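Next come the chains, spelled out residue by residue.
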Amino acid sequence: MADHVLLEAGDDLVRQLSHEREAVKAVLELVWNSLDADATKVDVTIERSGATGIDKIVVADNGDGITPEKARTAFKQVGNSDKRVGGTTGRLQRPLHGKAGRGRLRAFALGDATRWTSTARAVDGQLMRTTIESEISRRTTWRIDTQPAPEPETDSPGTGTKVELWGKQASHLNKLLESKAATQITAALAPYLLTWTDVRVSYDGQRIDPQTQIQAEEEENLSFEYEDQTHPFHIRLIHWRTGTERTIALCDAASAPVESLDVAAEHADFSYTAYVLWEPMPLHRNEIPLVTLGGDTPLAPLLRTAREWIGARLEERRRRQRRQLVERWIEEGVYPYPRRPEGDQARAEQATFDLVATSINRHITGDRTKKRLTLSLLQNSLRHNPDEMVDILENVLSLSGDDVSHLHGLLQQTSLSNIIRASSIVTSRLQFLTALEHLVFDVETSGVVKERDHLHKILERELWVFGEEFNMMRSSEIGLTRVLEHHRRAIGWDPTPDGPVRAVDGGARRVDLMLSAESHEHDRVRHLVIELKAPAVDADRDQANQVDDYMQAVLKEPRFANVETTWDFYLVVRSVKDRLKPSVRQANKPEGLYSEPTQFEHASVRVWVRTWSEILHEAKQRLEFVRKGIAHNPSLEQALAYLRHRHGDLLPDQLRQPTTVPTPRSEAAHNPAV
């Protein structure tokens, strides 16, 4: 007896459900329908057309089937399903899944034609076979035919349902042929199959057995606060051995999924599913978009609490894995660090190295020699080029796009690489200061270090010694005319000279270094002109007057005019002779100030006599806080090694090759008084 049932739902809703492109979820809905019918065996078969196409999808089960009476009601309306708020099955008392009665419509996402063939016991006990058919062209009309079915010859109840779907040509169906389809189905069914161990589900000839895919499990009872009430819930985290599954499944208290949240972008180094079990969950179906928009729903604090717990558990797992992997590298003799680093900088660098190296571990392959080479390359990149490290590793290790993105994310999430970069800069500077102190004060060395050939050129590369604010070196060994050009350019004027600049006596003068800085506080420009003397030369009045001549040239030259400019002239020497000391130690004036004429209309100028001991002390003080933090106190040997590496081309021949480090002299020899 055939009958036709008109679906009581808007055609737009049916069209929407039938056009869904999530084929795996549509298959899952059919599997859940089978499980809700107390099936203990469900088989999903994919019949192929050719090498890659899908001809037909069949979902068959041995459940209780659909009675004729139920078929006429279930296929007549959508929504108001008797499974919408959970409950249990009639015969085996297993948890119901259900989704507002829309599963049968989602079948149209898998086929343009659909046929349900179901055998069930009618109310009078007779075994009846019901066939329900429809096509996408008449998607709101179902043809239902009911006939008596023969009694089974075995002990089998003879009931069950087979759903056949065919005739759809859509690219999204090919997702059913991908290996991750079985992974998604395994993750969705895992709590159910782990609880109801007598249930067998197969997909495309492969049994869905979550037990074989589980690497580890963790679970805990938690709670969240909403509207001044405490709501308990349970969370179960399953770590998968393979795949890229990262999902939070929102379930009822019986582990039946209600909604799922794809979190593929979170914790990309793991494959996992977190099952959040909360009894009222079915009442909050479809509220995930509301959470995204910041709406008032209990799912917001629930998800926040769950995510925090998941993040903490995964981070602890990362730490365990990193420790195990590092221990293995140490045993193999390929790990480039000592077991116990000394100092904050070393610990920060090693922690970042472990984080990055263990994250790309699958690319660190080969024999012992290759592993050691790769890890050494990573260490060198991290230490010297942290900003370029991802590009270097991408080129050397041929990282995939996902790996590159993950590595970028790691370095953005941690400030350790920034610590390393800053610590590296400070370490290098401390080594340079130690080396500079040796060049200037060592009796043997100071005799071979020349002003222009060595000291001058080395300092051009290390201008931070005179202050971080002098960030633009204009030039070195230039005449006063070039000084004028740089000054006018700094204040935004036309730098083209209209004639040479002369000293007070009419002669030409050259300055050693000219530095410039702009103050963003008061829009001031500050110039620092440095006259360097060889370490063997001590300051006398003649040298101080030489620098004073530079100052006088600026004062008398209108082309230097700019009321917002300050000029500081430094005479930098190892020590000051006695007859000059009274001039740089005047009452009510800073020590070292040699001359400060009344401010002229167009410039403010000062002349200073500075000793290397003062400049080195100030530079060290600027680095002292970080130096203590990284516990770095460079030896002379380390300092000279840095000097040879960084400035080897500028050193005297006697200092280019390592020699026996001289015995340190007394503190007084290194820090002569002004």
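As shown above, the structure is provided for reference.
Residues numbered from 1 in each chain as written. Predicted model: local features only at pLDDT ≥ 70, side-chain atom pairs only at ≥ 80, totals over all residues. Heavy atoms only, no water.

A.B. asks: What is the right way to look at the overall build of the protein in this model?
C.D. replies: Within the protein, the regular secondary structure consists of 21 helices and 20 strands. Taking as baseline every contact in the protein between residues at least 6 positions apart, the subset at least 24 positions apart corresponds to 70%. Accessible surface for the protein amounts to roughly 32,600 Å². Of this, 47% is attributable to carbon and sulfur atoms. (Helix = DSSP H or I, 4+ residues; strand = E, 2+ residues; numbered from the N terminus. Contact = heavy atoms within 4.5 Å. Areas by Shrake-Rupley, 256 points an atom, 1.4 Å probe, with all protein chains shown as cover.)

A.B. asks: Please explain helix H8 (residues 299-332) as it appears in this structure.
C.D. replies: Since there are 3.6 residues in each turn of an α-helix, residues three or four apart along the chain are aligned in direction. Along its 34 residues, H8 runs 48 Å from first to last C-alpha, staying within 8% of the 50 Å computed at 1.5 Å per residue. Of the residues flanking the end of H8, it is Gly333, one or two places downstream, whose phi is positive at about 80°. (Expected span 1.5 Å × (residues − 1).)

A.B. asks: Honestly, the packing of aromatic side chains in this entry has me stumped. Any pointers?
C.D. replies: Under the defined criterion, the tally for this structure stands at 8 aromatic pairs. On the basis of an interplanar angle of 85° and a centroid distance of 5.4 Å, the ring pair of Trp32 and Tyr192 is categorised as edge-to-face. With Trp32 in helix H2 (residues 23-36) and Tyr192 in helix H5 (residues 179-195), the pair connects residues that are 160 residues apart, well separated along the chain. As far as the burial class goes, Trp32 and Tyr192 line up, both buried. Clustering of aromatic rings is evident, with ring pairs tying together Trp32, Tyr192 and Trp196. Stacked on the ring of Trp166, the Lys or Arg Lys56 has its end atom at 5.5 Å from the ring centre. Note that Arg610 overlies the ring of Tyr570, its terminal NZ or CZ placed 5.3 Å from the centroid. (Phe/Tyr/Trp six-rings, centres within 6.5 Å; stacked < 30°, edge-to-face > 60°. Buried < 20%, exposed > 50% of the residue type's maximum accessible area, 1.4 Å probe, protein only. Lys NZ or Arg CZ within 6 Å of the ring centre and 35° of its normal.)

A.B. asks: Quick question: what am I supposed to make of the environment of Ile144 here?
C.D. replies: Here Ile144 shows up in strand S6 (residues 141-148). Judged by relative accessible area, which is 0%, Ile144 ranks as buried.

A.B. asks: How do you make sense of the pairing of strand S7 (residues 160-166) when you look at a structure like this?
C.D. replies: Across a regular strand the side chains alternate sides, sitting on one face of the sheet and then on the other. A large share of S7 lies buried, amounting to 5 of its 7 residues. Note that strand S3 (residues 53-61) and S7 share 6 bridges and pair antiparallel. Note that in S7 the partner of Lys56 across the bridge is Trp166. In the sheet, strand S4 (residues 113-121) pairs with S7 via 7 bridges, with the strands oriented antiparallel. Looking at S7, one finds that Trp116 is bridged to Val163. (Pairing = 2+ DSSP bridges.)

A.B. asks: Would you mind showing me how to read the environment of Ala435 here?
C.D. replies: Structurally, the position occupied by Ala435 is in helix H13 (residues 416-441). Ala435 gets classed as buried once you look at its relative accessible area, which sits at 0%. Between the C-alpha atom of Ala435 and that of Ala639, which follows or precedes it by 204 residues, the distance is 5.0 Å. Beyond its immediate sequence surroundings of up to four residues, Ala435 is in contact with Ala639 and Leu643.

A.B. asks: Looking at this model, I keep getting lost on the pattern of salt bridges. Mind explaining?
C.D. replies: Charged atoms that come close allow side chains of opposite charge to pair. One pass over the full model with this rule turns up 29 salt bridges. Between Arg610 and Glu614 there is a salt bridge, and its shortest N-O distance comes to 3.1 Å. Considered together, Arg610 and Glu614 belong to a single accessibility category, that of buried residues. Shared partners join several salt bridges into a network, and the residues in it are Glu315, Glu316, Arg318, Arg319, Arg320, Arg322 and Arg323. (Salt bridge = Lys/Arg side-chain N within 4 Å of Asp/Glu carboxyl O.)

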